[in-house]
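The primary structure of each chain is shown beneath.
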Amino acid sequence: QVQLVESGGGLVQAGGSLRLSCAASGRTFSSYTMGWFRQAPGKEREFVSAITGGGGTPYYSDSVKGRFIISRDNAKDTVYLQMMRLKSEDTAVYYCAAHPIFLRLVQGNCDYWGQGTQVTVSS
C-alpha cells in the first residue's frame, strides 16, 4: 500500500497564497498520476488538479486554472499544490490522491487518499 500525508494548510486572507505538500511512502512509483481534490462543508468532493508521473501534463479544474500550480518531485516522492490569489470559495479540506492512470484519478477513482489538510480563506 501507499500512504499519503498532506501538509501546508492553514488560515489566510483572500488574495494570499499557500503551498500544500503531499508526501508519499510505501510502494510509490514515478509512473503514478497524483492529484488534489477538495471538499467544502455540505458539498461533494471535487477535483482540483492532477499531474502525470513525468510531470509534463498538469491538469486543472476551471475554478482554479490560472491561480493554482501543481508540481512534483519524484526524488522526494512528493507532490505540491501552489495556490495563489486565494478566494473564500477555495475554503475546503484538500486531499491528495494517487492512481496509475491519469483519467481514473481525475474521475475520483483513486487507489490512495491522504487524510486531508484544512485550507481556510478569510474574506
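See above for the structure.
Residues numbered from 1 in each chain as written. Predicted model: local features only at pLDDT ≥ 70, side-chain atom pairs only at ≥ 80, totals over all residues. Heavy atoms only, no water.

(A) The side chain of Asp-90, seen in detail. Here Asp-90 shows up in the loop between β8 (78–83) and β9 (92–99). Engagement of the side chain of Asp-90 in a polar contact is seen with the side chain of Arg-67, the distance being 2.8 Å. Not counting residues within four places of it along the chain, the set of residues in contact with Asp-90 comprises Arg-38, Arg-67, Phe-68, Val-119 and Val-121. (Helix = DSSP H or I, 4+ residues; strand = E, 2+ residues; numbered from the N terminus. Polar contact = N/O pair within 3.5 Å; in protein donor to acceptor, adjacent residues only side chain to side chain. Contact = heavy atoms within 4.5 Å.)

(B) Here's a closer look at the packing of aromatic side chains. Summed over the entire model, instances satisfying the criterion amount to five aromatic pairs. When the centroid spacing of 6.4 Å and the interplanar angle of 35° are considered together, the rings of Tyr-32 and Tyr-112 count as tilted. Taken together, the positions of Tyr-32 in the loop between β3 (18–26) and β4 (33–39) and Tyr-112 in strand β10 (residues 112–113) put the pair 80 residues apart, joining distant regions of the chain. The residues Tyr-32 and Tyr-112 share a single accessibility class, namely buried. Measuring from centroid to centroid gives 5.5 Å for Phe-37 and Phe-47, while their planes differ by 75°, and the two rings are edge-to-face. (Phe/Tyr/Trp six-rings, centres within 6.5 Å; stacked < 30°, edge-to-face > 60°. Buried < 20%, exposed > 50% of the residue type's maximum accessible area, 1.4 Å probe, protein only.)

(C) View of unusual backbone geometry. A positive phi angle, near 50°, is found at Asp-77, a position not held by glycine. Checked against the element boundaries, Asp-77 lands in the loop between β7 (68–73) and β8. For Asp-77, a relative accessible area of 30% translates into the label partly exposed. One non-glycine residue with positive phi stands out, namely Arg-85, at about 50°. Along the chain, Arg-85 falls in the loop between β8 and β9.

(D) Summary view of the state of the cysteines. Tallying each qualifying case throughout the model produces one disulfide. Here Cys-22 connects covalently by a disulfide to Cys-96, the sulfurs 2.1 Å from one another. Where Cys-22 bonds to Cys-96 through sulfur, the torsion about that S-S bond is close to -85°, and the disulfide is left-handed. With a gap of 74 residues between them, Cys-22 in strand β3 and Cys-96 in strand β9 connect regions that are remote in the sequence. A relative accessible area of 0% means that Cys-22 is categorised as buried. (Disulfide = S-S within 2.5 Å.)

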